[in-house]
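Survey of secondary and tertiary structure
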Amino acid sequence: MAENGKSAFVGRDGKSSIEDVIQYVHAVLSRRAIERDEIPENIRHAGGMEQLCALLWGIRHMTDALGRGELTYNCNERGYVIGSLKALQANLRHLTWQARCIAKGEYQHRANFLGDFSTAFNTMVEELDKSVSKLTRLSTRYKEMSCRDSLTGLLNRRAFISRAMDMLKNPPDQGQAAIIMADIDYFKKINDTWGHACGDAVLRHMAQIFLSQLREDDLCCRYGGEEFILLLPGMGLQPGYSVAERLRRHICAEPLAYEGHGIVITVSLGVSCIDLNGPLPDNASVFEMTVKEADACLYRAKKTGRNRVVCSEMHQA
């Protein structure tokens, strides 16, 4: 081996020998520093030497490329060893493509061309699919929980306002939405008489009645304490008033069974309406104003005897 790293083989008496060829083959396949150059003079004219040399360097360059992870290297040589290396290269390219697909969330890919590695790869993908599915379910569950009141299961205020804003951006065909504010009458007296556990039961009871009486697209929220707010897309003021009155009667007619007692519950309700037919310069301001109007109607219902419904037209009158 010459100091510059190039091959320099000289046989006995300048003649080639089997040992020289073996030494050259060994050098090409095993020595790191050797560079491709002309076939050494003493073995150049051996029969088939040029073909052997091309094959050797093809094998060396192919394995070097694979060792460095270069999967685009193109080798023109042929033969069993080169063919096997090309097959490995193609499998690795395909596996790389599958890995990219898996990174995008496509977990249906499986490998069946690399023996034990394929088994391990497939197991990894299956476990990853299970883990991602579990995390997705948990994420959905926690997201939903963050939107719900822990006691009643209704929307909390933040989620209610967010969904109401979405509805205002994409209003229903009818161009209106009724808002109902509801407040349990004498709730403090219920707590003082029967205890806070009973008060919690009353709140859950109210939530169940609301959900059973409303449509799928209606929004129902525990607004705070014993106060609830409902948004009814596609309803004007009078239909909204009719819904509020139906809810009031249903709640009166369905006492809460608690520790062997039937606790009669009444509610006061205020109704207002958002008109979505005209341009809304500020959805948030219009929504807030309509909620305040419904709350003012609720206050009037409380002030004038409770267990009644007041709507904005009545309130203005």
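Every residue gets a number counted from 1 within its own chain, in the order that chain's sequence is written. Owing to the predicted nature of the model, reporting of local features is limited to residues with pLDDT of at least 70; listing and counting of side-chain atom pairs is limited to 80 or more, with chain, interface and lining totals taken over all residues. Derived side-chain values reflect all non-hydrogen atoms in the structure, with water molecules and hydrogen atoms excluded from consideration.

All right, on to the environment of arginine 44 then. Counting from the N terminus, the helices are the DSSP runs of H or I reaching at least four residues and the strands are the DSSP runs of E reaching at least two. Following the sequence through the fold, arginine 44 ends up in helix α2 (residues 41-44). Overall, the relative accessible area of 28% leaves arginine 44 in the partly exposed class. Between the C-alpha atoms of arginine 44 and valine 21, which are 23 residues apart in sequence, the distance is 9.5 Å. Discounting chain neighbours no more than four positions away, the residues touching arginine 44 are Glu38, Ile39 and Met49. Each residue's exposure class comes from its accessible area (1.4 Å probe, protein chains only) as a fraction of the maximum for that residue type: buried when under 20%, exposed when over 50%, partly exposed otherwise. Any pair of residues with heavy atoms lying within 4.5 Å of one another is described as a contacting pair.

Located in the positive-phi region is arginine 306, a residue other than glycine, with phi close to 65°. Relative to the elements of secondary structure, arginine 306 occurs in the loop between α10 (283-303) and β7 (309-311). A relative accessible area of 29% places arginine 306 in the partly exposed class. One non-glycine residue, asparagine 307, lies in the positive phi region at around 50°. Take asparagine 307: it is sitting in the loop between α10 and β7.

What follows concerns helix α7 (residues 187-194). Residues of α7 that are buried: Phe187, Ile190 and Asn191. Down the axis of α7, the sector holding all buried residues measures 95°, keeping them to one side. Opposite its buried face, α7 presents the exposed residues Lys188, Lys189 and Asp192, each directed more than 90 degrees away. For α7, the secondary structure elements touched by its buried residues are β1 (176-184) and α8 (196-213). Think of the arc as the fan of directions from the helix axis to the C-beta atoms.

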